[in-house]
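# Coordinate analysis (summary)
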Amino acid sequence: MKRTVLSIAVTSLFFAYSCKNTQTSKPQTTQNKTVKSDITDEQLMDKVQKDALKYFWDYAEPKSMLGRERYHEDNIYPDNDKHVITTGGSGFGLATLLVGVERGFIPRQEAVKRLTHMMDFLAKADRHKGAWSHWINGETGKTVPFGKKDNGGDLVETAFLTSGILMVREYFKNGNTEEKALAAKCDELWKGIQWNWYTKGGGKVLYWHWSPDYQWEMNFPLEGYNECLITYILAASSPTHPIDAETYYKGWTRNGTYLTDKTKYGLPLYVKHNYAEEYGGPLFWSQYSYIGLDPTGLSDKLVKNYFDLNKNQVLIDYKYCVENPKQWKGYGPNYWGLTAGYTRNEDGSTGYTAHMPTNDNGVITPTAALSSFPYTPKESMDFLRFLYTQNPEFIGSAGPYDATSINYNNWFTPRYLAIDQGTIAPMIENYRTGFLWKLFMNAPEIQQGLKKLSFQSEKYGIR
């Protein structure tokens, strides 16, 4: 699958995989996956967290032990990329493994051994001014180009990975000898990232890509609002290669011009979502940066409450699906959620797109609702219960499949993507206990970085 710019005018931020038109067949044998309707909410959350964990524990790339870009139950890989790991998805995988340890789903000692192996692999893998590439060969550690000129550092994917690395460090830093050694490896990886290099020589904005062959030709400044906030938080927090506050406010907030007074369904959007100003963008924008960054009561000079910003984006998506202006069969209070992921092409084959209200083709991506639990617990639980008790065909060996459609006769693709499966267990856990939020927000460098950027959080004593 090769990356091409989506045709929906959502800027080059969104990319699609132009899948070769391979019909995806449903697995020939399916186990009885029906869940009894009297299962409790707690049991349901346990189950989906355990299921999603399998992606990174049972189906990890076998040499690096990091998260594969994709796992296909049908074993059809059009580009023979079963060995390719994804940097950002692996970061979400680290958070998922921590949830597994904390809840006793996986043995702590085994997790420490595996995580140590992962950190050793990342230390030897190709790095570009400290940043990792979007894709890495899990067998060799070499960069796998994500596009012709995208064969170097990917700062956003590196940020998603680093968020996970920092949480691993925080979780194990006061443990036994092996755990402290793991934490030290994490710390070294974090300190080796040259965030300020990605300002292209001291400019007041971060850039997504740098290539040793093509330099800055990708020319993609990170300007809000989308999923990239965590990149600026980490860059400002770096103890070795930081950016200053001016870079955040001039670059990310577009000199403060990214605020909006627009509303949808009576809900304020607060910020201009890049090329999605009417409804907001795909729901991963409210999830990727917030695996560790706790939006609860979080503010900066411009945004008064990031939790409200994210909650409203999710509710607008939910209300759109309930309104269902295109009259897709199945859409409603129990079946909703639009985000980037696999999709159903017109001929029934599997493709990829950034689903959202302005790009809605009748396909629901389960991670959209499931990873929104902190913002919409009732609506997300309704979806979770409906999926597991009434649509067991949508559940595979690693939890809900990536793309589903009741409208097309209960169509699904028996495939998974790390970036989608990896947010489910962490965000549900943040709703349940705030576990990952506490790890990340209490990291000393993050506290200092947030203060540098004039963020405030009474919950974590940041003023």
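Residues numbered from 1 in each chain as written. Predicted model: local features only at pLDDT ≥ 70, side-chain atom pairs only at ≥ 80, totals over all residues. Heavy atoms only, no water.

Naming follows an unreviewed UniProt entry, where the chain appears as Glycoamylase-like domain-containing protein of Chryseobacterium shigense.

Here we come to the sheet that holds strand E4 (residues 84-86). Strands sit in the order E4-E5-E6 across an open sheet of three strands; the sheet is antiparallel. Because the sheet does not close on itself, it has two edges, and the strands there are E4 and strand E6 (143-144). As paired elements, strand E5 (residues 135-137) and E6 share two bridges and run antiparallel to each other. Its bridge partner lying in E6, Trp135 is registered against Val144. Across the sheet, helix H2 (residues 87-102) lies against E4 and E5, angled at about 65° from E4, the strand it touches most. (Pairing = 2+ DSSP bridges. Helix = DSSP H or I, 4+ residues; strand = E, 2+ residues; numbered from the N terminus. Contact = heavy atoms within 4.5 Å. Axes fitted to C-alpha atoms, helices over the stretch in contact; angles between N-to-C directions.)

Another point: empty space enclosed by the protein. Counted by the stated rule, this structure contains two cavities of 30 Å³ or more. Of the volumes computed, that of the second largest cavity is approximately 30 Å³. Lining the second largest cavity, in full, are Phe56, Met65, Leu66, Gly67, Ser90, Gly93, Leu94, Leu97 and Met118. Examining the composition of the lining of the second largest cavity, we find that four residues originate from one element, H2, more than from any other. (1 Å grid on protein atoms, 1.4 Å probe; cavity = no way out; pocket = protein on both sides within 12 Å on 5 of 7 lines; lining within 4 Å. Points joined across faces, edges and corners; volume = space filled by probe spheres on them.)

A few words now on helix H1 (residues 41-57). The first and last C-alpha atoms of H1 sit 24 Å apart over 17 residues, in line with the 24 Å expected at 1.5 Å per residue. Those residues of H1 that sit buried are Leu44, Met45, Val48, Gln49, Asp51, Ala52, Leu53, Tyr55, Phe56 and Trp57. (Expected span 1.5 Å × (residues − 1). Buried < 20%, exposed > 50% of the residue type's maximum accessible area, 1.4 Å probe, protein only.)

Relative to the helices and strands, Asp51 is located in helix H1. Excluding its chain neighbours within four sequence positions, the residues that come into contact with Asp51 are Tyr388, Ile395, Ser397, Ala398 and Gly399.

What follows is about the pattern of salt bridges. According to the stated counting rule, one finds 27 salt bridges in the structure shown. Notably, a salt bridge pairs Asp120 with Lys185, separated by 2.9 Å at the nearest N-O pair. Here Asp120 is found in helix H3 (residues 108-124), whereas its partner Lys185 is found in helix H5 (residues 177-191), with 65 residues between them in sequence. Residue classification places Lys185 among the partly exposed positions, given a relative accessible area of 30%. One salt bridge connects Lys191 with Asp187, and the closest N-O pair in it is separated by 2.9 Å. Taken together, the positions of Lys191 and Asp187, both in helix H5 and four residues apart, correspond to about one turn of that helix. (Salt bridge = Lys/Arg side-chain N within 4 Å of Asp/Glu carboxyl O.)

So, about the pairing of strand E11 (residues 340-344). Across the five residues that make up E11, a large majority, five, are buried. Where E11 lies against strand E12 (residues 350-354), five bridges are found, and the strand directions are antiparallel. Looking at the pairing, Ala340 lines up with Ala354 of E12. Taken together, E11 and the strand that follows it, E12, pair antiparallel across an intervening segment of five residues, in which Gly348 is found at a positive phi of about 90°.

Below, the discussion takes up the UniProt feature "domain: Glycoamylase-like" (unreviewed entry) in the chain. The UniProt record annotates "domain: Glycoamylase-like" (unreviewed entry) at residues 219-443. Taken end to end, residues 219-443 has its terminal C-alpha atoms 32 Å apart, with 33% of it in helix and 12% in strand. (UniProt positions renumbered as here; feature names shortened; annotations may be inferred.)

Between Gly224 and Tyr225 the backbone carries a cis peptide bond, its omega angle lying at 10°. Looking at the element boundaries, Tyr225 is found in the loop between strand E8 (209-210) and helix H6 (229-237). Non-glycine residue Asn75 carries a positive phi angle of around 60°. The residue Asn75 is located in the loop between strand E3 (70-72) and E4 in this model.

Let's shift gears to the environment of Ala368. Along the chain, Ala368 turns up in helix H9 (residues 366-370). Along the primary structure Ala368 and Thr339 are separated by 29 residues, whereas in three dimensions their C-alpha atoms are 5.7 Å apart.

Turning to the environment of Lys451, a few remarks are in order. Tracing the chain through its elements places Lys451 in helix H14 (residues 444-452). In this structure Lys451 comes out as partly exposed when scored by relative accessible area, which is 34%. Remark: the alpha-carbon pair of Lys451 and Thr140, spanning 311 residues in sequence, is separated by 40 Å. If we skip the residues at most four places from it in the chain, Lys451 touches Gly461, Ile462 and Arg463.

Counting buried residues along E12, five of its five residues qualify, which places the element largely inside the surrounding structure. What you see with E12 is no split at all: Thr350, Tyr352 and Ala354 on one side and Gly351 and Thr353 on the other are buried throughout.

Glancing now at the packing of H2 against H3. What describes two packed helices is the angle between their axes and the distance between those same axes. Close contact between H2 and H3 brings their axes to 10 Å; oriented N to C, the two are set at 165°. In terms of orientation, H2 lies roughly antiparallel with respect to H3. Of the two elements, H2 crosses H3, and the hand of that crossing is left-handed. In this structure, H2 uses Leu94, Leu97 and Val101 to contact H3, whose residues at the interface are Arg108, Ala111, Leu115, Met118 and Met119. Grouping the constituent residues of the contact of H2 with H3 by class yields seven nonpolar, no polar and one charged. (Parallel < 35°, antiparallel > 145°, perpendicular 65-115°, else oblique. Left-handed = near helix turned anticlockwise from the far one by under 90°. Nonpolar A, V, L, I, M, F, W, Y, C, P; charged D, E, K, R; others polar.)

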